[in-house]
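Geometric and topological summary
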Amino acid sequence: MAHSDTLSRFRVRPAEPQDCPEILRLIKELAAYENMPDAVQLTEEEPKIVGFAMYYYTYDPWIGKLLYLEDFYVMDDYRGWGIGTELLKKLSQIALDTNCGCMHFLVVVWNKPSIEYYMRRGASDLSTEEGWHLFRFDKENLLRMAMGE
Ligand SMILES: CC(C)(COP(=O)(O)OP(=O)(O)OC[C@H]1O[C@@H](n2cnc3c(N)ncnc32)[C@H](O)[C@@H]1OP(=O)(O)O)[C@@H](O)C(=O)NCCC(=O)NCCS
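Attention here is on the structure that accompanies the text.

About the criteria used
- Residues numbered from 1 in each chain as written.
- Predicted model: local features only at pLDDT ≥ 70, side-chain atom pairs only at ≥ 80, totals over all residues.
- Heavy atoms only, no water.
- Near = heavy atom within 4 Å.
- Polar contact = N/O pair within 3.5 Å; in protein donor to acceptor, adjacent residues only side chain to side chain.
- Areas by Shrake-Rupley, 256 points an atom, 1.4 Å probe, with all protein chains shown as cover.
- 1 Å grid on protein atoms, 1.4 Å probe; cavity = no way out; pocket = protein on both sides within 12 Å on 5 of 7 lines; lining within 4 Å.
- Sits in = over half its atoms within 2 Å of the grid points.
- Helix = DSSP H or I, 4+ residues; strand = E, 2+ residues; numbered from the N terminus.
- Nonpolar A, V, L, I, M, F, W, Y, C, P; charged D, E, K, R; others polar.
- Points joined across faces, edges and corners; volume = space filled by probe spheres on them.
- Pairing = 2+ DSSP bridges.
- Axes fitted to C-alpha atoms, helices over the stretch in contact; angles between N-to-C directions.
- Contact = heavy atoms within 4.5 Å.

This part covers the site of the ligand. In the region of the ligand, 17 residues are neighbours, and G82, T85, S114, R120 and R121 sit closest. The contact in question runs from an oxygen atom of the ligand to an N or O atom on the backbone of V74, over 2.8 Å. About the coverage of the ligand: the protein hides 65% of its 910 Å² of free accessible area. Judged by the proximity of its atoms to the pocket grid, the ligand belongs to the second largest pocket. Residue assignment for the shell around the ligand shows that the elements contributing at least two residues are β2 (64-74), α3 (83-97) and α4 (112-120). Of all the elements, α4 adds the most residues to the shell around the ligand, at four residues. Here the residues of the shell around the ligand are counted per class, giving eight nonpolar, six polar and three charged.

Here it is in structure tokens:
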């Protein structure tokens, strides 16, 4: 088989977190090749997801397109390391790159640490500053209104 035919069966690509076990296998193979099979101290550690942000886009007729932050969470043991700040940085970049005028989110009134966390980063409390309240029609209301009652 020609060299280029063989090569076309392979793909060079950047490593991804899920490649860790296979990369560790190759590290061990290389150490064996270098006659030091027991020198590898590295162990495989499953990449762990320790936080997440869930968002979607919505539209406000006054503001235009905006990014709505639905969920924002970092596991207790990993808080205070700057992971939340990194997530907010990424969300801000996404918002700007997608032409959003701002980011909206809800915080329950007793969640003082998070309220302060957002306020320290310049967030405005629209309930106190502009008097907005969040309302809901539940399914019963929807059914009743849909039936025209
Ligand atoms: C809000 C939250 C996502 C922030 O994530 P984080 O990774 O801890 O954020 P950072 O590390 O960037 O910043 C943590 C802040 O708390 C302070 N902090 C220090 N140690 C801390 C600890 N052990 N736990 C929490 N906060 C700590 C930091 O000084 C920092 O304050 P700063 O405003 O001066 O930077 C996280 O605290 C969380 O998941 N809270 C519970 C869920 C929640 O309230 N979500 C938001 C719902 S609206």
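The structure having been displayed, the exposition proceeds.
Next up on the list: the layout of surface pockets. Computed from the structure, the largest pocket encloses a volume of approximately 1100 Å³. Lining the largest pocket are 28 residues, with H104, F105, L106, L126 and S127 positioned closest to its centre. Of all elements in the fold, only β1 (51-60), β2, β3 (103-105), α4 and α5 (126-130) reach the threshold of two or more residues within the lining of the largest pocket. A per-class count over the lining of the largest pocket returns 18 nonpolar, seven polar and three charged. Quantified by volume, the second largest pocket comes out at close to 630 Å³. Counting residues per element, the ones that place at least two in the lining of the second largest pocket are β2, α3 and α4. Residue contributions to the lining of the second largest pocket peak at seven residues, all from β2. Classifying every residue of the lining of the second largest pocket by side-chain character gives 15 nonpolar, six polar and three charged.

Moving on, we come to the sheet that holds β1. Ordered by their spatial adjacency, three strands build an open sheet running β1-β2-β3, and the pairing between neighbours is mixed. Two strands close off the open sheet at either side, each with one partner strand: β1 and β3. Taken pair by pair, the neighbouring strands of this sheet meet at an average axis angle of 35°, ignoring direction. In terms of strand pairing, β2 meets β3 through three bridges, oriented parallel. Within the sheet, the bridge partner assigned to Y68 lies in β3 and is H104. Here α3 sits on the sheet in contact with β1, β2 and β3, set at roughly 160° to β2.

Looking now at unusual backbone geometry. Of note in the backbone geometry, N35 takes a positive phi value of approximately 60° without being a glycine. For N35, the position within the fold is in the loop between α2 (20-33) and β1. At N99, a residue that is not glycine, the phi angle is positive and equals roughly 65°. With respect to the helices, strands and loops of the structure, N99 is situated in the loop between α3 and β3.

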